Amino acid sequence: MRLIQMFTAAAIALASTVAIADDAADKAIRKSLENLQMEVPIETITASPMSGLYEVKLQGSRVLYASADGQYIVQGNLFELKGGKPVNLTEKTERQGISKLINGIPVAETVVYPAVGETKSHITVFTDTTCPYCHKLHAEVPELNKRGIEVRYVAFPRQGLGSPGDEQLQAVWCSKDKKAAMDKMVDGKEIKAAKCENPVSKQFALGQSIGVNGTPAIVLADGQVIPGYQPAPQVAKLALGAK
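Residues numbered from 1 in each chain as written. Predicted model: local features only at pLDDT ≥ 70, side-chain atom pairs only at ≥ 80, totals over all residues. Heavy atoms only, no water.

Undergrad: Explain unusual backbone geometry to me, please; I cannot follow it from the model alone.
TA: Negative phi values dominate among residues other than glycine, just as trans dominates among peptide bonds. In the segment running from Thr215 into Pro216, the intervening peptide bond is cis, with an omega of -5°. Along the polypeptide, Pro216 turns up in the loop between α8 (200-209) and β10 (217-220). (Helix = DSSP H or I, 4+ residues; strand = E, 2+ residues; numbered from the N terminus.)

Undergrad: How should the nonpolar core be read in this particular structure?
TA: Nonpolar side chains in soluble globular proteins generally cluster together in the buried interior. Membership of the largest hydrophobic core comes to 29 residues, with the highest contact counts inside it found for Ile123, Tyr153 and Trp173. For this core, the secondary-structure elements that each account for two or more residues are β7 (111-113), β8 (121-127), α5 (141-146), β9 (149-155), α6 (164-173), α7 (178-186), β10 and α9 (232-241). Other than its neighbours up to four places away in sequence, Ile123 contacts Leu144, Ile149, Glu150, Val151, Arg152, Ile218, Val219, Leu220, Val235 and Ala239. Within the second largest apolar cluster, 12 residues are counted, among which are Ile102, Phe204, Ile210 and Ala217. (Core = buried A, V, L, I, M, F, W, Y, C linked by side-chain atoms within 4.5 Å. Buried < 20%, exposed > 50% of the residue type's maximum accessible area, 1.4 Å probe, protein only. Contact = heavy atoms within 4.5 Å.)

Undergrad: Which parts of the structure should I look at to understand the side chain of His122?
TA: You can see His122 is positioned in strand β8. Owing to a relative accessible area of 15%, His122 belongs among the buried residues under this scheme. A polar contact of 2.9 Å, which involves the side chain of His122, links it to the side chain of Asn103. Excluding its chain neighbours within four sequence positions, the residues that come into contact with His122 are Asn103, Ile149, Glu150, Arg152, Leu220 and Ala221. (Polar contact = N/O pair within 3.5 Å; in protein donor to acceptor, adjacent residues only side chain to side chain.)

Undergrad: Explanation requested: the layout of surface pockets in the structure shown.
TA: In this structure, the largest pocket encloses a volume near 540 Å³. Contributions of two or more residues to the lining of the largest pocket are made by β3 (63-67), α3 (89-103) and β11 (225-227). It is α3 that provides the largest number of residues to the lining of the largest pocket, a total of five residues. Roughly 210 Å³ of volume is contained in the second largest pocket. (1 Å grid on protein atoms, 1.4 Å probe; cavity = no way out; pocket = protein on both sides within 12 Å on 5 of 7 lines; lining within 4 Å. Points joined across faces, edges and corners; volume = space filled by probe spheres on them.)

Undergrad: Help me understand the environment of Asn88 in this model?
TA: Note that Asn88 resides in strand β6 (residues 85-88). Taking relative accessible area as the criterion, Asn88 reaches 17% and is therefore assigned buried. Remark: the alpha-carbon pair of Asn88 and Ala66, spanning 22 residues in sequence, is separated by 17 Å. Setting aside residues no more than four positions away along its own chain, Asn88 makes contact with Asn77, Leu78 and Phe79. For Asn88, the side chain forms a polar contact with the main-chain nitrogen of Glu91, separated by 2.9 Å.

Undergrad: It is not clear to me how the pattern of salt bridges should be interpreted in this structure. Could you clarify?
TA: Once their charged atoms are close, side chains differing in charge can pair, the charge on each being opposite to the other. Evaluation of the coordinates by the stated rule reveals nine salt bridges. With its nearest N and O atoms 2.7 Å apart, the salt bridge here joins Asp26 to Arg30. With a gap of four residues between them, Asp26 and Arg30 both fall in helix α2 (residues 22-35), about one helical turn apart. With relative accessibility at 21%, the residue Asp26 sits in the partly exposed group. For Arg30, a relative accessible area of 28% puts it in the partly exposed group. Bridged by salt links that share partners, the residues Glu91, Arg95 and Asp222 form one connected network. (Salt bridge = Lys/Arg side-chain N within 4 Å of Asp/Glu carboxyl O.)

Undergrad: Looking at this structure, I do not really get the UniProt feature "domain: Disulphide bond isomerase DsbC/G N-terminal" (unreviewed entry) in the protein chain. What am I missing?
TA: Here, the residues flagged by UniProt with the feature "domain: Disulphide bond isomerase DsbC/G N-terminal" (unreviewed entry) are residues 22-91. Between the C-alpha atoms that bound residues 22-91 there is a distance of 24 Å. The span itself is 24% helix and 39% strand. (UniProt positions renumbered as here; feature names shortened; annotations may be inferred.)

Undergrad: Looking at this structure, how should I read the environment of Glu91?
TA: Position of Glu91 among the secondary structure elements: in helix α3. Along the backbone, Glu91 and His122 are 31 residues apart, and their C-alpha atoms lie at a distance of 20 Å.

Undergrad: Would you take a moment to explain the packing of aromatic side chains for this structure?
TA: Under the defined criterion, the tally for this structure stands at four aromatic pairs. Pairing Tyr113 with Tyr153 gives two aromatic rings, centres 5.6 Å apart and planes at 85°, and the pair type is edge-to-face. Taken as a pair, Tyr113 in strand β7 and Tyr153 in strand β9 lie far apart in primary sequence, 40 residues in all. Residue Tyr113 is classed as buried on the basis of its relative accessible area, which comes to 5%. Through a chain of ring-to-ring contacts, the aromatic side chains of Phe126, Phe156 and Phe204 assemble into a single cluster. (Phe/Tyr/Trp six-rings, centres within 6.5 Å; stacked < 30°, edge-to-face > 60°.)

In structure tokens:
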């Protein structure tokens, strides 16, 4: 249904829009989105593969579409039919943006569990030390490492900043040995660490910007987001296919 609505709206926009220069389209679309009081900043506005339709990339890699005059705004997936098979262009664009954001996180700001032997791929996991399913996934990290998957933890206090999870995550990130601190915290042991500057709030905001709303949330190297717990064999299969 969303696909039909998107193409219908796009067709109406194309039929009713006169040729407008790219700079004029950019201004018109931005003005329309300002009138809608969009809270998420616009990163870029470019012509989409579909004639008359513009791709609007929002901060956090979300994508909207708009007519050149800004009178039509579409939220949904744009598909291209190649050899009779649909290719989700929206998902492809969003994954590329998420991959750039996630892989741009300095490794030093993550808690790293390196692969055993050759590193075949990596995953980034938004985690919360108070989350039972995060504990379940953590127990399978050694299996992922044996399969050549490097695991990089980033912080996502699921109950918000100032919550017990936030306090625990800050203690982990302020520890001299973050990996050991993470292991102890997940095992239910209390750790103490002096307050320090840490990336917990920044990582929490980043997770929210790409649509993370719970933990664990696994992000593959290609930007695909897998919400919730998945067993190690399934994660490894997806991770190795996303190299």
